[in-house]
There are 2 protein chains.
Amino acid sequence: MHGYQHEDLPADELARQEDLYGPFTQSVRELVDATLRTTVDEEEVRRAQAEIEAVTARLRASTMEGSYGVRYSSDGTTRPWGNAVVGLRNPVAPPLAFDRHPEGRATSDFTLGAAYEGPPGLVHGGVSALILDQALGEACGAGGRPGMTGGLTLTYRRPTRMGRLRCEAWIADRDGYKTVARGTIGDADGATVEAEGIFIVPKWARGLFDARNTDRPDRFE
Amino acid sequence: MHGYQHEDLPADELARQEDLYGPFTQSVRELVDATLRTTVDEEEVRRAQAEIEAVTARLRASTMEGSYGVRYSSDGTTRPWGNAVVGLRNPVAPPLAFDRHPEGRATSDFTLGAAYEGPPGLVHGGVSALILDQALGEACGAGGRPGMTGGLTLTYRRPTRMGRLRCEAWIADRDGYKTVARGTIGDADGATVEAEGIFIVPKWARGLFDARNTDRPDRFE
């Protein structure tokens, strides 16, 4: 089973959820940063912990089973709100917002702070890999060729400093159910990390793919 | 500048910090999961947001400048507490704890929940890349050959389901300042993702490396 969940939401309900969960999740991202960087005294830390535990208990009074998953509407739009890179409801996600172009290209400007650190002051090399995996997949999806990652190769040209960054990805080659995508992460001085990946249309989605149902490119990302 | 910060802590102060920040950060990880999965009503979400913002404001009354970085003691132990994979103080980190073996091998058993999702019910392919980058670096460090990632290649054998997982990494080849490491992530049925990476001793650390100062293998991870 692919696990994608059909859930039609009226436009006003979708807007209500975005307006509710977007700022709520962002408040937890701010807390994540403060948790990592605070230097307040022990008593204050313990008090914060007790209050956080109380909030968590109230939020857990009612929860969905398992993970958020990816939900889609009859018009073909999707809500990957649990996604670790772009998820509106996922505090682990920075989150990135991608501009997607139908020729098979995706770009995003974003900021990475202290929670994404590897070496001191630098973005974790694996975080760059995480973001590039998503970016290459977005480019494939934008071009009507969504798929699961089959292989990914990263080349680290120079260190990536935390702060304002940009990633770009594009389809480089098309071959049946396989798509090759390339991309970069970089700063104002150019690319710091380059990536190439192979994305494969999963078996359960090939009928849909064969029917060239490209008006729903997001369906199986 | 490499940015590694020398900070000697007496054993009892180190224990105090671990006992304070470990559970505190874990409480925020639980909140992250609850934030993503809650289905409580709108009023309760707004109340949670207000309380979280109040806690964040109090924690921000005093913060370190920039990120946590990596701090080391005179005995060679390090505290990568801000690290996105293993950081004790980083709520984004699952966190993984590695067993390190001096022949150049590192292993970790860990659990990934809803915050690390990509496709529905599955670990984000980029999260596997993130964890494998760290694991390969840990293997290099364990073998006295720490370095920065120069290149990383991932091969996805089959989907990785969320839940209990294991990663293993080992040094495969040694060549001057370069180390080749390999590793896998997998479940009870075996490997789901394989990785190979090249790790390079940074220029500023080569004097230390040449002196075979291998009793401080963690110093420049």
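The rules behind these values
- Residues numbered from 1 in each chain as written.
- Chains lettered and ligands numbered in written order.
- Predicted model: local features only at pLDDT ≥ 70, side-chain atom pairs only at ≥ 80, totals over all residues.
- Heavy atoms only, no water.
- Phe/Tyr/Trp six-rings, centres within 6.5 Å; stacked < 30°, edge-to-face > 60°.
- Lys NZ or Arg CZ within 6 Å of the ring centre and 35° of its normal.
- Pairing = 2+ DSSP bridges.
- Helix = DSSP H or I, 4+ residues; strand = E, 2+ residues; numbered from the N terminus.
- Contact = heavy atoms within 4.5 Å.
- Expected span 1.5 Å × (residues − 1).
- Buried < 20%, exposed > 50% of the residue type's maximum accessible area, 1.4 Å probe, protein only.
- Arc of directions from axis to C-beta.
- Least-squares fit on C-alpha atoms with pLDDT ≥ 70 in both.
- Buried area = accessible area lost by both parts, 1.4 Å probe.
- Salt bridge = Lys/Arg side-chain N within 4 Å of Asp/Glu carboxyl O.
- Domains from an automatic or database assignment.
- Polar contact = N/O pair within 3.5 Å; in protein donor to acceptor, adjacent residues only side chain to side chain.
- Nonpolar A, V, L, I, M, F, W, Y, C, P; charged D, E, K, R; others polar.
- Axes fitted to C-alpha atoms, helices over the stretch in contact; angles between N-to-C directions.
- Parallel < 35°, antiparallel > 145°, perpendicular 65-115°, else oblique.
- Left-handed = near helix turned anticlockwise from the far one by under 90°.

1. Considering the packing of aromatic side chains
Centre-to-centre distance and the angle between the planes together describe a pair of aromatic rings. All names here are of chain A. Scanning the entire structure with this criterion turns up six aromatic pairs over all chains. The positively charged end of Arg71 is found above the aromatic ring belonging to Tyr68, 3.8 Å away from the centroid. A cation over an aromatic ring shows up here: Arg79 above the ring of Trp81, its NZ or CZ 5.9 Å from the ring centre.

2. What about the pairing of strand β5 (residues 105-112) of chain B?
All names here are of chain B. When strand β4 (residues 99-101) meets β5, the two strands line up antiparallel, connected through three bridges. The partner of Arg100 across the bridge, within β5, is Ala106. Between β4 and β5, which follow one another and run antiparallel, lie three residues, and Gly104 among them has a positive phi close to 100°. Note that β5 and strand β7 (residues 163-175) share eight bridges and pair antiparallel. Following the sheet pairing, Thr111 is matched in β7 by Arg164.

3. Structural notes on the sheet that holds strand β2 (residues 71-72) of chain B
All names here are of chain B. Reading across the sheet, the three strands line up as β1-β2-β3 and stay open at both edges, with mixed pairing between neighbours. Each edge of the sheet is formed by a strand with only one pairing partner; in this case those strands are β1 (5-6) and β3 (78-79). When β2 meets β3, the two strands line up antiparallel, connected through two bridges. Across the sheet, Arg71 pairs through a bridge with Arg79, a residue of β3.

4. A few points about the side chain of Ser27 of chain B
Within the secondary structure, Ser27 of chain B is located in helix α1 (residues 11-37). Among all residues touching Ser27 of chain B, those that are not within four sequence positions of it are Gln49, Ile52, Glu53 and Thr56 of chain A.

5. Regarding helix α2 (residues 42-59) of chain A
The first and last C-alpha atoms of α2 of chain A sit 26 Å apart over 18 residues, in line with the 26 Å expected at 1.5 Å per residue. Taken together, the buried positions of α2 of chain A are Glu44, Val45, Ala48, Gln49, Ile52, Val55, Thr56 and Leu59 of chain A. Buried residues in α2 of chain A, looked at end-on, bunch into an arc of 140°, giving them a common side. For α2 of chain A, the exposed residues set more than 90 degrees away from the buried face come down to Glu43 and Ala57 of chain A. Check the buried side of α2 of chain A and you find it contacts α1 (11-37) of chain A together with α1 and α2 (42-59) of chain B.

6. Quick word on the relation of the copies chain A and chain B
Once chain A is rotated about the relating axis by 180° and shifted along it by 0.0 Å, it coincides with chain B to within an RMSD of 0.0 Å. Each copy turns onto its partner about a two-fold axis. Identified as the residue of chain A closest to the rotation axis by C-alpha distance is Thr153 of chain A, at 2.1 Å. Looking at the interface residues of chain A, 100% of them are also at the interface in chain B, so both copies use one shared face.

7. A look at the interface of chain A and chain B
Listed by partner, the interface residues are 85 residues for chain A and 85 residues for chain B. Interface area for chain A against chain B, summed over the two sides, is near 7,300 Å², with a carbon-plus-sulfur share of 61%. Viewed at the interface, chain B and chain A are joined by ten salt bridges. Salt-bridge contacts for Glu30 of chain B lead to Arg60 of chain A; the nearest nitrogen and oxygen are separated by 2.8 Å.

8. Describing the pattern of salt bridges
Residues and elements named next belong to chain B. Following the criterion strictly, the structure yields 36 salt bridges over all chains and no others. Glu13 is the partner of Arg16 in a salt bridge, and the nearest nitrogen-oxygen pair spans 2.9 Å. Residue Arg16 and its partner Glu13 are both found in helix α1; the two are separated by three residues, about one turn of the helix. Given the relative accessible area of 22%, Glu13 is considered partly exposed.

9. A look at the domain arrangement of chain A
Residues and elements named next belong to chain A. What the domain assignment reports for chain A is domain 1 (1-92) and domain 2 (96-210). Here the C-alpha centre of domain 2 lies 23 Å away from the C-alpha centre of domain 1. Summed over both sides, the interface of domain 1 with domain 2 buries roughly 820 Å², with 69% coming from carbon and sulfur. Our count for the contact surface shared by domain 1 and domain 2 stands at zero salt bridges. Remark: the boundary between domain 1 and domain 2 carries three residue pairs in polar contact (both at pLDDT 80 or more). Of the residues contributing to the side of domain 1 that touches domain 2, the split by class is seven nonpolar, two polar and two charged.

10. Details of the packing of α2 of chain A against α2 of chain B
Where α2 of chain A contacts α2 of chain B, the axes come no closer than 10 Å and their chain directions differ by 165°. Taken as axis vectors, α2 of chain A and α2 of chain B run roughly antiparallel relative to one another. Remark: the crossing between α2 of chain A and α2 of chain B carries left-handed chirality. Facing α2 of chain A, whose interface residues are Glu44, Arg47, Ala48, Glu51, Ile52, Val55, Arg58 and Leu59 of chain A, α2 of chain B presents Glu44, Arg47, Ala48, Glu51, Ile52, Val55, Arg58 and Leu59 of chain B.

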